[in-house]
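Spelled out from the first residue to the last, the chains are:
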Amino acid sequence: MKQSKTLYEQAVKVLPAGVNSPVRAFRSVGGTPIFMEKGEGTYLTDVDGNRYLDFCGSWGPLVLGHRHPEVQAAIMEVVQRGWTFGTPVKEEVALAQLVVDKLDAVDMMRFVNSGTEAVMSAIRLARGYTGRDRVLKFRGCYHGHVDYLLVDAGSGLATFGTASSAGVPAAFAELTAGAPLDDLAGLSKLLDQIGHEIAAVVIEGVPANNGLLIQDHAYVKGVRELCDKHGALLIFDEVLAGFRMPEVMAYRHYDVVPDLVCLGKVVGGGMPVGAYGGRAEIMHHIAPLGKVYQAGTLSGNPVAMAAGYATLSAYFATDVPAQIERLGSYLDKRLAPVTAALADMDYIRLGSLFWFYFKRAQAPRTAEAIAAESGEIYGKLHRFMLDRGIYLAPSSYEVGFLNTAMTETDLDLLVDGLKAAAEEGIVQ
Ligand SMILES: *Cc1c(COP(=O)(O)O)cnc(C)c1O
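Sequence order as written defines the numbering, with residues in each chain counted from 1. Given that this is a predicted model, residues contribute local features only at a pLDDT of at least 70 and side-chain atom pairs are listed and counted only at 80 or more, while totals for whole chains, interfaces and linings are drawn from all residues. Side-chain measures here rest on the full set of heavy atoms in the structure, leaving out hydrogens and waters.

Let us look at the site of the ligand. Here a residue counts as near a molecule or strand whenever at least one of its heavy atoms sits within 4 Å of it. What surrounds the ligand is the set Ser-114, Gly-115, Thr-116, Tyr-142, His-143, Gly-144, Glu-204, Asn-209, Asp-237, Val-239, Leu-240 and Lys-265. Pairs of N or O atoms are called polar contacts if they sit within 3.5 Å, as long as, within protein, a hydrogen donor faces a hydrogen acceptor (for residues adjacent in sequence, only side-chain-to-side-chain pairs). Contact between the ligand and Thr-116: an oxygen atom at 2.6 Å from a side-chain N or O atom of the residue. A distance of 2.6 Å separates an oxygen atom of the ligand from a polar side-chain atom of Lys-265. In these tables, accessible area is a Shrake-Rupley quantity obtained with a 1.4 Å probe, and a residue counts as shielded only by the protein chains included in the view. In the complex, 82% of the free accessible area of the ligand, which totals 380 Å², lies under the protein chains. When residues are grouped by polarity, Ala, Val, Leu, Ile, Met, Phe, Trp, Tyr, Cys and Pro land in nonpolar, Asp, Glu, Lys and Arg in charged, and all others, Gly among them, in polar. Looking at the shell around the ligand, its residues break down into three nonpolar, six polar and three charged.

So, about the environment of Gly-264. To qualify as a helix, a DSSP run of H or I must reach at least 4 residues; to qualify as a strand, a run of E must reach at least 2; elements of each kind are numbered from the N terminus. Among the structural elements, Gly-264 can be located in the loop between strand 11 (260-263) and strand 12 (274-278). Along the sequence, Gly-264 and Leu-212 sit 52 residues apart, while their C-alpha atoms lie 18 Å from each other. We call two residues in contact whenever any of their non-hydrogen atoms come within 4.5 Å of each other. Beyond its immediate sequence surroundings of up to four residues, Gly-264 is in contact with Val-239, Val-273 and Gly-274.

This part covers the side chain of Arg-132. Along the chain, the position of Arg-132 falls in the loop between helix 4 (115-130) and strand 5 (134-139). Despite its burial, Arg-132 pairs with no opposite charge, the nearest such side chain being Glu-197 at 9.2 Å. Here His-196 takes part through its backbone oxygen, which lies 3.1 Å from a polar atom of the side chain of Arg-132. Contacts of Arg-132, omitting those with residues within four sequence positions, involve Arg-127, Gly-195, His-196, Glu-197, Ile-198, Ala-199, His-230, Gly-231 and Ala-232. For the exposure calls, accessible area comes from a 1.4 Å probe over protein chains only, and a residue counts as buried if that area is under 20% of its type's maximum, exposed if over 50%, partly exposed in between. Charged-residue counts in this description rest on Lys and Arg as positive and Asp and Glu as negative, His and the chain ends being excluded. Salt bridges are counted wherever a side-chain nitrogen of Lys or Arg sits within 4 Å of a carboxyl oxygen of Asp or Glu.

Glancing now at the nonpolar core. Counting 116 residues, the largest nonpolar core has Phe-55, Leu-136, Phe-138, Phe-243, Leu-263 and Phe-356 as the members making the most contacts within it. As used throughout, domain bounds are those supplied by an automatic or database domain assignment. Of the residues that make up this core, three or more belong to each of domain 1 (2-67 + 319-423) and domain 2 (69-317). In this structure, Ala-122, Tyr-148, Cys-262 and Ile-282 belong to the second largest nonpolar core, which totals 23 residues. Each nonpolar core is a collection of buried residues, namely Ala, Val, Leu, Ile, Met, Phe, Trp, Tyr and Cys, held together in the definition by side-chain atoms within 4.5 Å.

Opposite charge on two side chains permits them to pair, given that their charged atoms come into close proximity. By the definition in use, this model includes 20 salt bridges. As a salt-bridge pair, Lys-90 and Glu-91 come within 3.9 Å of each other at their nearest N and O atoms. Judged by its relative accessible area of 10%, Glu-91 is buried. Notably, a salt bridge pairs Asp-412 with Arg-334, separated by 2.4 Å at the nearest N-O pair. Here the residue Asp-412 occupies a position in helix 13 (residues 408-423), and Arg-334 occupies one in helix 11 (residues 320-340), the gap between them amounting to 78 residues. Where salt bridges share partners, they join Arg-224, Asp-228, Asp-259, Arg-279 and Glu-281 into one cluster.

Quick look at the domain arrangement of the protein chain now. One can read the domain layout of the protein chain as domain 1 (2-67 + 319-423) and domain 2 (69-317). Using C-alpha coordinates to define each centre, domain 1 is positioned 25 Å away from domain 2. Across the pair Arg-139 and Glu-368 runs a salt bridge, and its minimum N-O distance is 2.4 Å. At the surface where domain 1 touches domain 2, the tally comes to ten residue pairs in polar contact (both at pLDDT 80 or more). Of all the elements in the fold, those that place two or more residues in the side of domain 1 that touches domain 2 are helix 11, strand 13 (345-350) and strand 14 (353-358).

This paragraph deals with the pairing of strand 9 (residues 198-204). Look at any regular strand and the pattern is simple: side chains alternate between the two faces of the sheet. The element strand 9 is largely enclosed, with a buried count of seven among its seven residues. With five bridges joining them, strand 9 and strand 10 (residues 233-237) adopt parallel strand pairing. Of the residues in strand 10, the one forming a bridge with Glu-204 is Asp-237. Crossovers are described as right-handed under a simple rule: with the strands pointing away from the observer, the path leading from the first strand over the helix to the second runs clockwise. As for the winding sense of the linkage, the β-α-β connection from strand 9 through helix 7 (residues 217-230) to strand 10 is right-handed. Only strands that DSSP links by at least two bridges are regarded as paired with each other.

Now the structure itself:
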């Protein structure tokens, strides 16, 4: 860990906590972050030459694993011709066409540079389209770090949210109303009160940034119906869930059609890309066709578009959802006897997302149902796994990601790691 330690000491002097995104700092699991140098398949190598089996996958984009040969070749091909032109390029048309062909909820789309930007822009579009100012979000859903979505909705229904970050003006937070997940009656009541002010209800396709909170089908369908009743657009934030589900998208998993879909992570194949799209009639409101302004110097960047296109082409050509289901069923089967012997820990999986949860008989469906001790238990498990060369996300609230570069042997390493952790009393 010598090089990582040295880099970290240098980093904290020039980068707050040594990082550019808070969770990377290892604050919730203890210890100091590891600096990675190389990725191959499903393995990472750090600057000291240690190898790790990677279940974090750069937080979601790498559904094909690190340095997939076709994605790498696509990136290299573009770079030889230049890497930004500030003009339309064929790569953005190709990726948009692929997404529009495959996603029935998306007639037209626009690319941006991050998931945050995708959600922010989709909400501006919804506001412009409906002529309403307020949005409704759910507790336990993350939509990036845009001001009016960094809002704590409290533990119940909240007509006005309060900022969950310093620097977010109260006036912005008040534009956001909040509701707990999994409570349709409560949502219905709240919307009866304020529905006429709400431009959009935004929900994570499958909430997966605060544990994996898999929702009931009837609930999600009910949310769709309430949006229709009150004239609010339904925005599915699929930045994380998109291309991670057995049915490709979460909106298909729940069999609802959202008005707007936000994409990120997988759609850029590991490059900084976000996107939002939906019905043409709504998308026509974006400038220069319509009056909703949204722009980006590097949006639709050809290198990023080529990486996304190569990733999604391989995704559909090799039926990644089916490949993941085979790996996932294997993991389920191998883990079941391990978790069955534990009183306080269990595991849940949907598509290529999985999550360990603690001290609960059933998988939580709301942020409130996650046990308070989770962070402490997970911190110990994380350290134990890391020492065995297994890289899990450094927070109990984060999910694990499967990718197609994994083999059953790799999954056995995770199972064996958990078994060993149980034997040592780290998990019980
Ligand atoms: C990651 C994520 C975002 C934010 O994307 P960034 O690229 O980090 O800005 C938004 N929504 C969801 C559901 C996410 O998982």
